Each structure stands twice: as C-alpha cells, then as structure tokens.
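# Inside the fold
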Amino acid sequence: MTVMHAPQGFREMKAVLLQHGGLASLTGKTGLAMLRHRPGPIVAVIDPDHVGQPLVSVTGIDRDVPVVSELAEALPFSPEVAVVGLAPSGGMLPDAVRRDALAALKAGLHLASGLHTRLGEDPELKAARRADRWIWDLRQEPQQLQVGRARASALHCHRVLAVGTDMAVGKMSACLELLAAAERRSLPARFVGTGQAGILISGEGVALDAVRVDYATGAVEAAVLSASRDLPPEGVVLVEGQGSLCHPGSSATLPLLRGSQPSALLLVHRAGQVSIDRLPQIPLPPMKDLILQMEALASWARPAGAPEQPHVRGIALNTARLDETNARIAVEAIQEDLNLPCTDPIRWGAETLLDAVTRND
C-alpha cells in the first residue's frame, strides 16, 4: 500500500469537528479546511470559545453548522465520526480535545486524527473504542515505499504542484479550487493530498511529514502515479504543496518537486506578506527572484528528453486579510509586476489559473 486510504465510507459520514479554540486560530486550519472544502456532511463543531455564534461570522466560511461546547451537545445531530480539527505545535492532543475524543468513542463514534500522536495506540482511547468502530490515524508512512526514480516525468497528463512563499498560505485550498473548476468543465482531474487536511477531505494521499526522508520523494512519486492512472493526456493531477523553500524550518518542497516531476507550478502567496509569518526577522525574497530559483530547481533531476520544462504558470493570491477593493488592487499589481495570471481562487474561482497550468506550450 503506497497511498493512505480512508476507512470505507468515511467521506460520506456525518462528522463532528473537535475544534477547541481553533475556529479563530491557525491551529485550527485542518478543521477550517474541512469546513470550507469537505463535500460530506459536517453536523457540528465543538469550540467552547464560540458557542452559538454563526460560523460565517467567526470564520468567513458560509456553511450552516452549529457550534457547541462539548461532545454531549453534538450527539443530537447524529454524528458518525469525530474528527480532530486542530494542528497544534508538536502534534500533541490537548486535554480538552482528548476528553471529547474519549466521549465520542464511548458514545459509539469513529475517530479520525491527523496528529503526530497516534490515538489508536493510546490505551484509554483504545479501550473506549467499540469493537465495530475504528480509530484512523492517517499520519503514517505508507508501506512498500521505494526511493524516487523520476518516473512521473513519463506521464502524459498535466502535473501541477502548488508551491508557497510560506506555510499556511493556502496551497491546499488553491488545489481544491482548481479541482472544482476542472470538475465544472468535466475535465478529468485528481487531487493528491500530502497533509492531514488534504487527506481528510479527499480520503486518500500521503502524509509527507510521516515519511522517512530517504523515501519522501518515492512516496510522492507513488501517489502521483496512482492518481494519474487512467487519466487522458488532457487530464490533470493536482499535488498539494507543503511548507516553503523560504521557511528555515521546512524541507518538504524538494521531495514534492522531485516526486511529482511537475509540468507546471502554481505559486501561492498571501497578499502583502513580506516576511515569514511567524518569523518576521526572515524576509521573503522578491517574487521574481523566487520564481526564477523555483523554476531552476524544478528543472533539475529530470530525465534527458523530459517533455516539459516546468514554469510557474500562475499566482494564487490569498487575499483573506483584505477587503474586496484592496484585494483586486493587490491582484492587479502582481499581474502587472510578474506578467502572470493571478487571482484569489477562494474569492473569484480558479478558472483562469486552470487555463494557465494546463496550457500546452
């Protein structure tokens, strides 16, 4: 098994999100991504900090889901699975989330988690799980991995990798909006999730940060090869980016580049950001310089005669911190400066970006 798959039926199950304190924080980005993109039902969100508040007023996500204080208050909505929606530093399970995870298992729910801490190995949680229920710890290294061999370069379909100027700028969301745009056109497309939110939403993928470094490129390669199966030449594989070359703590971009052998790159950036968000002493390079370096790096470790020289084809601009007027100004400024298609795919859709990354020239 070279790709992680969700338990059968997970994508359609009624979910309750364990989001304690994460509706208004980046620590809750996994649950926020699910609220924005999960096609299956989410029947309740647990966040004691925002009980009773409309979800759209807290998050900007227009989805009608009640916010409650604890698992007991979510049970009347008939959830089938509890999903840990937090990504706390260190990957440890906070006490409040643990209490509701335990209550969920005792109530007969399944439990899904993308934390580094494996909940299925916790003696108390394991003992509370009913025999016909599961605990899905998705952050695991797939089996039967090999080192990367640039095999994805021989694929005839488009392979688009999202790369970011920082962590948590919207690489996954941009890919999922491209997927939605492709589906509206009936263009064959697949999404390769490489982080916990992407895998929870799509139901499959590879948790890149759970893979030993020697096999990371091979894990991405295997996932891309699996996703491309039966795709026609006009089809597209959308690979969720992780981390950033600009971040001193990130090493994820290189195996993604090597494993996916992209035919196009999509650069994701937060409007107005000039330094690493949580390390303001580290400036971001000028975007023109970053694009040149990224394209050069993507052109290496490719077989002789590989058909595409990968280029950054478009900019997905995260304008969530701007109002509509200033968002449009930011988009126009980047388009003029870089001479590349640019839009916020969450605000205005991803059609122009899809055209750019699937262009054959």
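So, a few notes on the structure that sits alongside this text.

The next thing to look at is the packing of aromatic side chains. A full pass over the atoms with the stated rule returns two aromatic pairs. The interplanar angle of 70° and the centroid separation of 5.2 Å between the aromatic rings of Phe 10 and Trp 136 together place this pair among those described as edge-to-face. Of this pair, Phe 10 sits in the loop between β1 (4–5) and β2 (15–18) while Trp 136 sits in strand β7 (residues 135–137), and the two are 126 residues apart along the sequence. Exposure remark for Phe 10: the relative accessible area of 0% places this residue in the buried category.

A few words on the sheet that holds strand β3 (residues 42–46). Two strands in a sheet stick together by hydrogen bonds in their backbones, pointing the same way (parallel) or opposite ways (antiparallel). Pairing is parallel across the open sheet formed by six strands, whose spatial order is β4-β3-β2-β5-β6-β7. Across the chains shown, the open sheet's two edge strands, defined by having one partner strand only, are β4 (67–68) and β7. One ladder, built from four bridges, connects β2 with strand β5 (residues 81–84); its direction is parallel. Bridge pairing links Ala 15 to Val 81 in β5. Running at roughly 155° to β2, helix α4 (residues 95–106) makes contact with β2, β3, β5, β6 (110–113) and β7 of the sheet.

Right, let's talk about the sheet that holds strand β16 (residues 342–343) for a bit. In space, the six strands of this open sheet follow the order β9-β11-β8-β12-β15-β16, with parallel pairing throughout. Sheet topology places β9 (189–192) and β16 at the edges, where each strand pairs with a single neighbour. In this sheet, strand β11 (residues 236–239) lies alongside strand β8 (residues 158–164) in parallel orientation, the contact comprising four bridges. Within the sheet, the bridge partner assigned to Val 160 lies in β11 and is Leu 238.

What counts and what doesn't
What you see as residue numbers is a count from 1 along each chain, following the sequence as written. Totals for whole chains, interfaces and linings use all residues, but because this is a predicted model, local features are given only for residues with pLDDT of at least 70 and pairs of side-chain atoms are given and counted only at 80 or more. As a rule here, side-chain values come from all non-hydrogen atoms in the structure, and water together with hydrogens is ignored. Any two of the Phe, Tyr and Trp rings considered here, Trp counted by its six-membered ring, make a pair once their centres fall within 6.5 Å; the pair's planes then place it as stacked at under 30 degrees, edge-to-face at over 60, or tilted in between. Going along the chain from the N terminus, every DSSP run of H or I of four or more residues is numbered as a helix, and every run of E of two or more is numbered as a strand. Exposed residues in this analysis have more than 50% of their type's maximum accessible area, buried residues have under 20%, and partly exposed residues fall in between, with area computed by a 1.4 Å probe over protein chains only. What makes two strands pair is DSSP finding at least two bridges between them. Every residue pair with non-hydrogen atoms within 4.5 Å of one another is taken to be in contact. Here, axes are lines fitted to C-alpha atoms. For helices the fit covers the stretch in contact, and angles between N-to-C directions go from 0 to 180 degrees.

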